[in-house]
Amino acid sequence: MRKRNMLTLFALALSAMVSAQDRKVINLSSSWQFSRDNLSWKEVTIPHDWAIAGPFDKKWDLQWVAIEQNGEKEKSEKSGRSGALPWIGEGYYKTTVSLPDGYSMATLMIDGAMSNARVKVNGKELGHWPYGYNAFNVDIPVKGVSSLDIEVSLNNVEESSRWYPGGGIYRPVKLVLTGDTRFDTWQTYIRTLEATDTRATLEVKTKVTGKQGKTEALLTDAEGRTVASASVPPTKDGNMMMRLWVDNPKLWSPESPYLYTLTMNQYADGKLVDSESHKVGIRTVSVSKEGGFMLNGKSRKLKGVCLHHDLGPLGAAENKAALIRQIKTMKEMGCDAIRTAHNMPSTMQMDLCDSLGMMVMAESFDMWIYPKCKNGYAKYFKEWADRDITNLVLHHRNHPSIVMWSIGNEIPEQWSEEGVKISRHLQDLCHRLDPSRTVTQGMDRAEDALKSGFAQVMDVPGFNYRVHKYEKNISQLPQGFLLGSETASTVSSRGVYKFPVVVSDKTVYDDGQCSSYDTEYCSWSNLPDDDWRCQEDYPWVIGEFVWTGYDYLGEPTPYDTYWPSRSSYFGICDLAGLPKDRYYMYRSHWNTASHTVHLLPHWTWPGREGKTTPVYCYTDAPEAELFVNGKSQGRVKKQKDSRLDRFRLRWNNVKYEPGEIRVVAYDSDGTVMGEATQKTAGKPARMVLDVECPASADGSLAANGDDLAYVTVSFVDANGTFCPTLSDNITLSVEGAGTFEAACNGDATSLQSFKNPEMKLFSGKAVFVVRSGKKPGDIKVTAVSNARNMQQSTVIKTR
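Described below are features of the structure shown in this document.

Within the protein chain one finds 10 helices and 46 strands. The C-alpha atoms of the protein chain give 28 Å as radius of gyration, which agrees with the globular expectation for 799 residues (28 Å, within 12%). When the backbone C-alpha atoms are referred to their principal axes, the protein chain occupies close to 110 × 60 × 55 Å. The buried share of the protein chain, reckoned over its 799 residues, is 61%. A separation threshold of at least 6 residues defines the contact pool for the protein chain, and within that pool the share at least 24 residues apart is 69%. Approximately 31200 Å² of the protein chain is accessible, and the part contributed by carbon and sulfur atoms is 48%. Charge centroids of the protein chain, computed over 94 positive and 96 negative side chains, lie 3 Å from each other.

Rendered as structure tokens:
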């Protein structure tokens with residue numbers, strides 16, 4: 001009997017050890033096997049996009065449709081609508097994870113898998129999630145289990161997306177191991193109740209499963225000092241709430257994205273049994289008729305862009321350095337907000353928006369019940385919408401960067417009573433899960449949405465385009481304000497200029513390109529100038545989200561029927577991430593911290609001698625003088641009552657002659673504010689490699705296998721003048737502590753694979769992406785133009 005009691009005591013002690021085991025997070029990025037047919041397998045790293053290597057071919061998702069959102073009435077062949085890449089079909093992933101002893105529960109957290117994911121663990125199906133843009137979790141009992149065989153199957157069907165969705169487990173996956181007593185996943189909720197420069201009040205709610213003791217919350221600043229703490233005794237249902245008071249808080253904003261750390265500790269029998277930490281930004285957000293959009297009690301207009309989830313030549317496969325490059329480039333332009341259009345954001349993206357200072361409208365759906373494409377999310381909406389919204393909000397509600405939720409984009413039901421009911425239901429669900437934020441959606445049929453009451457239901461009525469209807473819209477809105485939830489849709493190709501310059505909503509050209517004079521748009525859209533007039537003249541317009549910050553794969557408007565066009569022209573930056581002229585137009589209006597003086601077009605036009613070649617200047621200066629080879633073309637001022645001259649400076653009658661154009665910009669006092677020049681390029685004399693390491697402050701890469709360097713290849717003449725018209729085919733070799741990852745030139749009509757180390761220059765430039773290895777050392781990158789028998793090398797360090 002005594003021996004049996006001793007064995008029982010030993011078992012109890014072992015159980016206590018299991019319960020007290022520290023939480024462990026395992027990132028499941030390596031050692032995955034992948035197959036398209038469930039027969040032949042290869043090793044891949046997660047995140048992974050099976051389709052991005054191509055080849056490009058219009059057969060992959062050739063559609064015969066009328067795009068109603070574009071006002072089309074008749075069907076036509078759409079060859080590049082979803083990127084012309086092989087994302088359709090099935091894909092299979094598997095891996096085996098060895099488990100350390102002492103844990104009783106594992107949670108498999110998949111941040112995004114495209115799509116219709118089914119998860120098996122040790123041969124048993126434990127999870128299913130149709131929507132490829134949402135994160136989901138699978139709980140797995142692991143007491144006494146030594147390893148997990150994880151299998152994920154995916155299935156993408158044709159005509160299920162209006163743009164390139166990618167294919168695969170394209171966002172990170174991790175496994176969280178805990179004991180019997182643990183904080184429930186996504187159940188800790190932190191919000192700022194009030195905040196001033198002198199004091200802030202935070203509310204923390206959480207839920208604990210298992211045997212309970214004291215629950216403790218510790219808030220520390222960026223230097224690790226405890227600035228507030230609280231604790232509560234156990235409760236019957238495991239739900240608890242605490243408040244923290246912070247003296248002299250550092251408030252989060254895009255200009256000062258200060259983050260605290262909240263550590264949650266759970267005790268049982270006097271021992272620490274679980275702990276989790278969260279980054280916390282102390283800030284308040286509100287929207288009202290009186291103050292408009294307010295952050296920390298101060299009114300400001302949202303200067304936002306819409307972003308699709310693909311990362312250009314990387315496809316949908318998420319990468320931290322690529323996201324940092326996007327966000328930093330937009331911030332330098334003066335952008336302070338991103339709309340995740342038209343899908344749920346990722347954890348990594350939101351973490352970076354928190355730390356870098358970028359506000360976010362987190363969007364959910366592109367359709368509800370009525371389908372925009374044959375096999376889109378409408379097939380799942382009735383059964384899955386509440387679950388998808390719940391995951392979106394619970395997953396992301398602690399991010400200070402998120403300032404509002406969006407429940408839809410251009411929903412066809414906006415004219416109907418059913419649409420009003422769905423809007424109210426989804427908005428109420430967001431409010432129950434997160435009372436701290438407002439809810440919006442983008443409406444494209446203003447008359448219908450206002451007549452039905454669809455617009456009046458929303459916390460924040462968002463309107464897509466049609467700025468000429470704003471005044472009529474606001475007269476019918478009890479909210480007293482509106483948001484430009486999607487604006488502009490101006491189209492351009494980097495470095496391409498068309499003559500004569502026309503202002504048009506229907507212009508197309510034989511080469512499948514658009515003009516960088518930024519005067520071309522779509523039948524349903526407008527120019528940036530039109531949006532800015534409303535932003536400046538109407539105090540009740542609370543901001544805008546421009547379509548789009550970057551070009552993206554798919555939706556090649558206005559070349560939906562033109563092959564080989566396979567990516568968009570809407571971007572302020574091109575698909576390679578290079579700024580178009582329009583970038584500097586937005587910078588001149590949005591970036592109030594430094595001046596902008598940008599001159600276009602380039603000045604290398606053999607054969608245009610004596611022909612009219614308009615010159616534009618994008619600047620925050622009110623006036624400027626243009627010189628051609630030293631001869632003044634006149635000093636012009638911005639004109640408030642002119643559509644194109646209110647925010648631009650233009651010289652429309654300049655005759656081209658080789659040499660130099662120079663603009664001198666003046667402030668309102670007549671003082672020189674800045675200059676810019678464009679020179680005629682001679683024969684290419686030297687190749688130039690410009691290296692950008694977006695995640696690094698010192699120009700090196702981290703030796704973690706994930707960091708990226710972007711190498712832009714171009715040519716200059718003997719005087720160092722950029723050669724803007726070259727189209728050389730460049731090959732790249734990478735030696736040493738890194739590997740070639742991708743290539744892109746920003747040409748929407750290029751069919752060269754992103755995953756081959758060669759790419760033609762487009763408008764004189766191409767970008768090659770290099771990935772770091774896992775060991776420190778030097779990476780030697782060499783670019784070659786065989787046509788010119790020229791090459792150039794550079795060295796990138798990894799640490």
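Next up on the list: the packing of aromatic side chains. Geometrically, a pair of aromatic rings is defined through the distance of the ring centres and the angle of the planes. The full count for this structure, using the stated rule, is 32 aromatic pairs. Aromatic side chains Trp532 and Tyr586 sit 5.1 Å apart centroid to centroid with 85 degrees between the ring planes, which places their arrangement in the edge-to-face category. Linking Trp532 in helix H9 (residues 528-537) with Tyr586 in helix H10 (residues 581-590), this pair joins segments that are 54 residues apart in sequence. Exposure class is identical for Trp532 and Tyr586. Each is buried. Taken together, the ring pairs connect Tyr131, Tyr133, Phe365, Trp368, Tyr377, Tyr380, Phe381 and Phe454 into an aromatic cluster.

On to the packing of helix H2 (residues 320-333) against helix H3 (residues 347-356), then. The interhelical angle for the contact between H2 and H3, taken along N-to-C directions, is 40 degrees, at an axis separation of 10 Å. Taken together, the axes of H2 and H3 lie oblique to each other. Handedness of the H2/H3 crossing: right-handed. Contacts from Lys320, Leu323, Ile324, Ile327, Lys328 and Lys331 of H2 reach H3 at Met348, Gln349, Leu352, Cys353 and Leu356. Of the residues assigned to the contact of H2 with H3, the class counts are 7 nonpolar, 1 polar and 3 charged.

Here the focus is the side chain of Thr548. Structurally, Thr548 is set in the loop between strand S31 (541-547) and H10. Separated by 2.8 Å, the side chain of Thr548 and the backbone oxygen of Tyr550 make a polar contact. What Thr548 contacts, discounting residues up to four positions off in sequence, is Cys306, Phe570, Gly571 and Ile572.

What follows covers the nonpolar core. By size, the foremost hydrophobic cluster in this structure holds 186 residues, and its most contacted members are Trp32, Tyr93, Leu108, Val152, Leu175, Val305 and Phe365. Excluding residues within four positions of it along the chain, Leu175 makes contact with Lys24, Val25, Ile26, Leu28, Val97, Leu99, Ala106, Thr107, Leu108 and Leu148. Residues Phe740, Ala743, Phe768 and Met790 belong to the second largest nonpolar core, which totals 26 residues.

For the rest of this paragraph, the subject is the layout of surface pockets. Computed from the structure, the second largest pocket encloses a volume of approximately 720 Å³. Considering the residues around the second largest pocket, the lining is formed by 31 residues, among which Pro579, Tyr584, His598, Phe722 and Lys765 are closest to the centre. Among the elements of the structure, H2, H10, strand S32 (597-600), strand S38 (672-679), strand S39 (686-692) and strand S40 (708-716) are those that each provide at least two residues to the lining of the second largest pocket. Of the residues assigned to the lining of the second largest pocket, the class counts are 12 nonpolar, 11 polar and 8 charged.

Direction vectors running N to C along H2 and H10 enclose 55 degrees, while the axes themselves pass 8 Å from each other. By the angle between their axes, H2 is oblique relative to H10. On the side of H2, the interface is formed by Thr329, Met330, Glu332 and Met333, while H10 contributes Tyr583, Tyr586, Arg587 and Trp590. Grouping the constituent residues of the contact of H2 with H10 by class yields 5 nonpolar, 1 polar and 2 charged.

This brings us to the environment of Ser594. As for its position among the elements, Ser594 is in the loop between H10 and S32. Sequence spacing of Ser594 and Asp620 is 26 residues, and the spatial spacing of their C-alpha atoms is 9.2 Å. A polar contact of 2.7 Å, which involves the side chain of Ser594, links it to the side chain of Arg587.

Before going further, it helps to spend a moment on the sheet that holds strand S23 (residues 298-299). Here 3 strands make up an open sheet; going across it, the order is S21-S22-S23 and the pairing antiparallel. Each having just a single partner strand, strand S21 (285-288) and S23 make up the two edges of the open sheet. Taken together, the 2 bridges between strand S22 (residues 292-295) and S23 define a ladder with antiparallel strand orientation. The residue of S23 that forms the bridge with Met294 is Ser299.

Moving on: the state of the cysteines. Taken as a whole and judged by the stated rule, the model has 0 disulfides. Among the cysteines around Cys430, which has no disulfide bond, Cys306 carries the closest sulfur, lying 18 Å off. Judged by its relative accessible area of 1%, Cys430 falls in the buried class. Cys573 takes part in no disulfide bond, and the closest cysteine sulfur, belonging to Cys335, lies 10 Å away. According to the relative accessible area criterion, Cys573 is buried, its value standing at 0%.

Thresholds applied
- Residues numbered from 1 in each chain as written.
- Predicted model: local features only at pLDDT ≥ 70, side-chain atom pairs only at ≥ 80, totals over all residues.
- Heavy atoms only, no water.
- Helix = DSSP H or I, 4+ residues; strand = E, 2+ residues; numbered from the N terminus.
- Rg over C-alpha atoms; globule rule 2.2 N^0.38 Å.
- Buried < 20%, exposed > 50% of the residue type's maximum accessible area, 1.4 Å probe, protein only.
- Contact = heavy atoms within 4.5 Å.
- Areas by Shrake-Rupley, 256 points an atom, 1.4 Å probe, with all protein chains shown as cover.
- Lys, Arg positive; Asp, Glu negative; His and termini not counted.
- Charge placed at Lys NZ, Arg CZ, Asp CG, Glu CD.
- Phe/Tyr/Trp six-rings, centres within 6.5 Å; stacked < 30°, edge-to-face > 60°.
- Axes fitted to C-alpha atoms, helices over the stretch in contact; angles between N-to-C directions.
- Parallel < 35°, antiparallel > 145°, perpendicular 65-115°, else oblique.
- Left-handed = near helix turned anticlockwise from the far one by under 90°.
- Nonpolar A, V, L, I, M, F, W, Y, C, P; charged D, E, K, R; others polar.
- Polar contact = N/O pair within 3.5 Å; in protein donor to acceptor, adjacent residues only side chain to side chain.
- Core = buried A, V, L, I, M, F, W, Y, C linked by side-chain atoms within 4.5 Å.
- 1 Å grid on protein atoms, 1.4 Å probe; cavity = no way out; pocket = protein on both sides within 12 Å on 5 of 7 lines; lining within 4 Å.
- Points joined across faces, edges and corners; volume = space filled by probe spheres on them.
- Pairing = 2+ DSSP bridges.
- Disulfide = S-S within 2.5 Å.

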